[in-house]
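Report on the structure
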Amino acid sequence: MFTGIVEELGEVTAVEELADASRFRLRGPVVTEGAKHGDSIAVNGVCLTVVETGEHEFTADVMAETLKRSSLGALTAGSRVNLERPMALGGRLGGHIVQGHVDGTGRILARTPSENWEIVKVSLPAELTRYVVEKGSITVDGVSLTVVDAGPDHFTISLIPTTLALTTLGLKQPGDPVNLEVDVIAKYVERLLGDRSTGQIATDVREQSATDSGNRSGTDEETAK
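Right, let's walk through the structure included here. (Residues numbered from 1 in each chain as written. Predicted model: local features only at pLDDT ≥ 70, side-chain atom pairs only at ≥ 80, totals over all residues. Heavy atoms only, no water.)

**Regarding the overall build of the protein chain**
Summing up its helical and strand segments, the protein chain has 4 helices and 12 strands in all. Out of the 225 residues belonging to the protein chain, those deemed buried represent 38%. Long-range contacts, defined here as pairs at least 24 residues apart, represent 69% of the contacts in the protein chain between residues at least 6 apart. For the protein chain, the computed accessible surface area is about 12,500 Å², with 52% contributed by carbon and sulfur atoms. (Helix = DSSP H or I, 4+ residues; strand = E, 2+ residues; numbered from the N terminus. Buried < 20%, exposed > 50% of the residue type's maximum accessible area, 1.4 Å probe, protein only. Contact = heavy atoms within 4.5 Å. Areas by Shrake-Rupley, 256 points an atom, 1.4 Å probe, with all protein chains shown as cover.)

Here you go:
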C-alpha cells in the first residue's frame, strides 16, 4: 500500500520492448536504497515489482494490460517519473490509501497559474465520474490530491509549489496523459450497497445484519438468565 506522497522525481533511463510487455530501467537513488528483487515501487502511481537493482537504478517488467490501462506506455528514455516505496507498517499515512492499481487515464485540459499555487483541470473517464467528489481524494500520477471541483467529465486540483517542483505534475502540459486511481473506499461502498436496480447485495447485507443482531440478542438473553 502507498500513500500518494511522492518520495522522488526519478527518470526512465531505458525501455526494452518485449513480446507482450516492456522492461523499464529507472533511476531513483532514494527508492533504490535497500531495494531488492521482488520489492514494490510505485511509478507514476503504478505498483511495479523490482526485477533487478543496480547503482541507484532498478528494472521492472510492465505487462501489456498495464501498458494498456495506464500512461506508462508513453514513457521513453529521459521521461521523468514519480517514485514512491510502499508505506512501512506503523508509518504515517500522509496522503490517503493508494493501491497502485490504476483505474484509468485522463489528460491535462488546462493549467491556471496563480501567485502561490496552480489550478489544473483534468479530464475524467465516464466510468470513474461517480467515484470523484468535491473535497474527496484522488491519485494523479501517483500523487495524493484533494479534488477542488468535480464536473461531469473532468475535475480540478490545486497544486502547491512543492508539488509543482517535486513531481511530474509541474511538468505536464495540456494534452499530456496522467494515471488516475480513485479512492478505493468509494468502490467498496458501492459494492456493499449493490446495484440499486436490484438491491441484491444490499439485501444480503441487511439480512446478515439482522442475523447478527438476533444472535447478539440471544446471547444477551442467555447472559441475563
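On we go.
**Things to note about the sheet that holds strand E9 (residues 137-140)**
Strands belonging to one sheet form pairs held by backbone hydrogen bonds; the direction of such a pair is parallel or antiparallel. Pairing is antiparallel in the closed barrel, where 6 strands are placed in the order E7-E8-E11-E10-E9-E12. Strand-to-strand twist in this sheet, taken as the mean axis angle between neighbours without regard to direction, amounts to 45 degrees. Bridge count between E9 and strand E10 (residues 143-150): 4 bridges; the pairing is antiparallel. The residue bridging Ser137 from the neighbouring strand is Thr146, located in E10. (Pairing = 2+ DSSP bridges. Axes fitted to C-alpha atoms, helices over the stretch in contact; angles between N-to-C directions.)

**Some points on the side chain of Ser79**
Assignment of secondary structure puts Ser79 in the loop between helix H1 (64-69) and strand E6 (80-84). Among the polar contacts made by the side chain of Ser79, one reaches the main-chain carbonyl oxygen of Thr76 at a distance of 3.0 Å. Among residues more than four places away in sequence, those in contact with Ser79 are Gly10, Glu11 and Val12. (Polar contact = N/O pair within 3.5 Å; in protein donor to acceptor, adjacent residues only side chain to side chain.)

**So, the layout of surface pockets**
One number sums up the size of the largest pocket: a volume of about 240 Å³. Lining the largest pocket are Asn44, Ser71, Ala74, Leu75, Ser79, Arg80, Thr168, Leu171, Lys172, Asp176 and Pro177. Looking at the lining of the largest pocket residue by residue, the class counts come to 4 nonpolar, 4 polar and 3 charged. In terms of lining residues, the second largest pocket is bounded by Gly4, Ile5, Val6, Val143, Ser144, Thr162, Thr163, Leu166 and Thr167. Those elements that place two or more of their residues in the lining of the second largest pocket are E10 and helix H2 (161-166). Looking at which element gives the most residues to the lining of the second largest pocket, the answer is H2, with 3 residues. Across the lining of the second largest pocket, the residue classes break down as 4 nonpolar, 5 polar and no charged. (1 Å grid on protein atoms, 1.4 Å probe; cavity = no way out; pocket = protein on both sides within 12 Å on 5 of 7 lines; lining within 4 Å. Points joined across faces, edges and corners; volume = space filled by probe spheres on them. Nonpolar A, V, L, I, M, F, W, Y, C, P; charged D, E, K, R; others polar.)

**Considerations on the environment of Val178**
Examined against the element boundaries, Val178 turns out to sit in strand E12 (residues 177-182). Classification of Val178 as buried rests on a relative accessible area of 0%. Here the alpha-carbon distance between Val178 and Gly106, two residues 72 residues apart in the chain, equals 5.4 Å. In this structure, Val178 is in contact with Ser71, Gly104, Thr105, Gly106, Arg107, Ile108, Val122, Val140, Asp141 and Lys172, ignoring residues within four places of it in sequence.

**Quick look at a nonpolar patch on the surface**
Residues Met1, Ile97, Ile185, Val189 and Leu193 make up a contiguous nonpolar surface patch of roughly 420 Å² in combined accessible area. Structurally, the position occupied by Met1 is in the segment before strand E1 (8-17). The partly exposed category is assigned to Met1, whose relative accessible area is 44%. (Patch = residues over 30% accessible without salt bridge, like charges linked within 9 Å, V, L, I, M, F, W, Y side chains within 5 Å. Salt bridge = Lys/Arg side-chain N within 4 Å of Asp/Glu carboxyl O.)

**What about the environment of Thr105?**
Considering the arrangement of structural elements, one finds Thr105 in strand E7 (residues 104-113). Separated by 75 residues in sequence, Thr105 and Leu180 place their C-alpha atoms 5.3 Å apart. With residues near it in sequence (within four places) discarded, Thr105 still touches Arg69, Ser70, Ser71, Pro125, Val178, Asn179 and Leu180.

**Observations concerning the nonpolar core**
Counting residues in each nonpolar core, the largest one holds 20 residues, and the members touching the most others are Val122, Val132, Val140, Leu145, Phe155, Ile157 and Leu180. Elements with a minimum of two residues in this core: strand E8 (118-123), E9, E10, strand E11 (154-159) and E12. Residues in contact with Leu180, not counting those within four places in the same chain, are Val102, Asp103, Gly104, Thr105, Gly106, Val122, Ser123, Leu124, Pro125, Thr139, Val140 and Phe155. (Core = buried A, V, L, I, M, F, W, Y, C linked by side-chain atoms within 4.5 Å.)

**Quick notes on the sheet that holds E1**
Read around the closed barrel, 6 strands run E1-E2-E5-E4-E3-E6, paired in antiparallel fashion. When the angles between neighbouring strand axes are averaged without regard to direction, this sheet yields 45 degrees. In this sheet, strand E5 (residues 57-63) lies alongside strand E4 (residues 46-54) in antiparallel orientation, the contact comprising 4 bridges. By the bridge assignment for E5, Thr53 is matched with Phe58.

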